[in-house]
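Here are the chains, one letter per residue:
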Amino acid sequence: MLKTFGAFVLFLRGMVVRTERFSVLWNRTIDEAILIGVDSIVIVSIVSAFIGAVTCVQIAYNLTNPLIPQSTIGYMVREMTILELAPTITSIVLAGKVGSSIAGGLGTMRITEQVSALEVMGINSTSYLVLPRILAALLMFPLLVILAMLLSILGGYLAGTLTGVMTAQDYIEGIRTDFIPYNIVFALIKAVVFAFLVSGISAFKGYYTTGGALEVGAASTGAVTNSIIAILIADFALAALLL
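As the structure is a computational prediction, the values presented were derived from the model and not from experiment.

Draft legend 1. Here's a closer look at the packing of aromatic side chains. In this structure the tally under the stated criterion is nine aromatic pairs. The ring of Tyr207 carries Arg110 above its face, with NZ or CZ at 4.5 Å from the centroid.

Structure follows, in structure tokens:
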């Protein structure tokens, strides 16, 4: 494990030692941002909306004590969404979609010797291929998490009001109660860290793929698995350090 971690650090170092021109990096980053962010909006929207709806209904099912106000449901949906569900679940979903795409794309380029061709032409392949992907992930993950927060709270509102478990006024009162702005900052910090972990680990697994098509599939699977484990570990570490 220590050897792998050292190789990962050297991989990141080689990415920033001799970078490409700013214009090249900018164009590549925008292209990757579209693939990572824009193409993931639908899946993130569906997942976050239904998570918020299910959370609201299940909390309402368990809060049967008449002494507890109905607005507590909205409060709990907001807190669970901002602190945990939106950044963590969204990043895990993106680890499956984005992580496998990054690992598979780089792995295919490696086994077809496109990476070697770039290096023969004097291009820093890690800077040209990997750095834009990481920068795009760092840019798009927080935006997707913000979208997930909004849609999850909206999904809880629709589920709570349409099923009749609570009134719209109670839900809105709950999401306004004792709001702490730092929670938003904490969620965005988590999104940035998770973005780096997903993109960096996936790029590392794909870049050093050897063999053929079977190994590319194994690299994609390993990238998703390792990214999810890293997200969960980082989630605990950030909660212990920053909360």
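Draft legend 2. Fine view of the UniProt feature "transmembrane region" (unreviewed entry) in the chain. Residues annotated in UniProt with the feature "transmembrane region" (unreviewed entry) correspond here to residues 34–61, 134–159, 179–204 and 216–242. The distance from the first to the last C-alpha atom of residues 34–61 is 40 Å, and the span holds 86% helix and 0% strand. Along residues 216–242, the helical share is 100% and the strand share 0%, with 37 Å between the first and last C-alpha atoms.

Draft legend 3. View of a nonpolar patch on the surface. A contiguous nonpolar surface patch, about 630 Å² in accessible area, is contributed by Ile180, Tyr182, Val185, Ile189, Leu241, Leu242 and Leu243. Taken together, the elements giving at least two residues each to the nonpolar patch come down to helix 8 (182–207) and helix 9 (213–242). A total of three residues in the nonpolar patch trace back to one element, the largest contributor, which is helix 8. As for its position among the elements, Leu243 is in the segment after helix 9.

Draft legend 4. Molecular detail of the environment of Ala53. In this structure, Ala53 sits in helix 3 (residues 41–62). With relative accessibility at 16%, the residue Ala53 sits in the buried group. C-alpha of Ala53 to C-alpha of Ser127: the two residues are 74 residues apart in sequence and 42 Å apart in space. The residues touching Ala53, leaving out its near neighbours within four places in the chain, are Ser152, Gly155, Gly156 and Ala159.

Draft legend 5. Layout of the confidence of the model for the chain. Per-residue pLDDT for the chain averages 91, and the proportion of residues at 70 or more is 100%. Averaged pLDDT values over the elements of the chain bottom out at 85 in helix 1 (residues 2–17) and peak at 94 in helix 8.

Draft legend 6. View of the pattern of salt bridges. Taken as a whole, this structure holds five salt bridges when the rule is applied. A salt bridge links Glu32 to Arg133; its shortest N-O distance comes to 3.9 Å. Of the two residues, Glu32 sits in helix 2 (residues 22–36) while Arg133 sits in helix 6 (residues 125–162), which places them 101 residues apart along the sequence. Taking relative accessible area as the criterion, Arg133 reaches 10% and is therefore assigned buried. Residue Lys190 is joined to Glu84 by a salt bridge in which the shortest nitrogen-to-oxygen separation is 3.3 Å. Of this pair, Lys190 sits in helix 8 while Glu84 sits in helix 4 (residues 71–111), and the two are 106 residues apart along the sequence.

Draft legend 7. Quick look at helix 9. For helix 9, which comprises 30 residues, the first-to-last C-alpha distance of 42 Å matches the rise-based estimate of 44 Å (1.5 Å per residue) to within 8%. All buried positions along helix 9 are accounted for by Val216, Ala219, Ser220, Gly222, Ala223, Val224, Ser227, Ala230, Ile231, Ala234, Asp235 and Leu238.

Cut-off values and rules
- Residues numbered from 1 in each chain as written.
- Predicted model: local features only at pLDDT ≥ 70, side-chain atom pairs only at ≥ 80, totals over all residues.
- Heavy atoms only, no water.
- Phe/Tyr/Trp six-rings, centres within 6.5 Å; stacked < 30°, edge-to-face > 60°.
- Lys NZ or Arg CZ within 6 Å of the ring centre and 35° of its normal.
- UniProt positions renumbered as here; feature names shortened; annotations may be inferred.
- Helix = DSSP H or I, 4+ residues; strand = E, 2+ residues; numbered from the N terminus.
- Patch = residues over 30% accessible without salt bridge, like charges linked within 9 Å, V, L, I, M, F, W, Y side chains within 5 Å.
- Areas by Shrake-Rupley, 256 points an atom, 1.4 Å probe, with all protein chains shown as cover.
- Salt bridge = Lys/Arg side-chain N within 4 Å of Asp/Glu carboxyl O.
- Buried < 20%, exposed > 50% of the residue type's maximum accessible area, 1.4 Å probe, protein only.
- Contact = heavy atoms within 4.5 Å.
- pLDDT = per-residue confidence, 0-100.
- Expected span 1.5 Å × (residues − 1).

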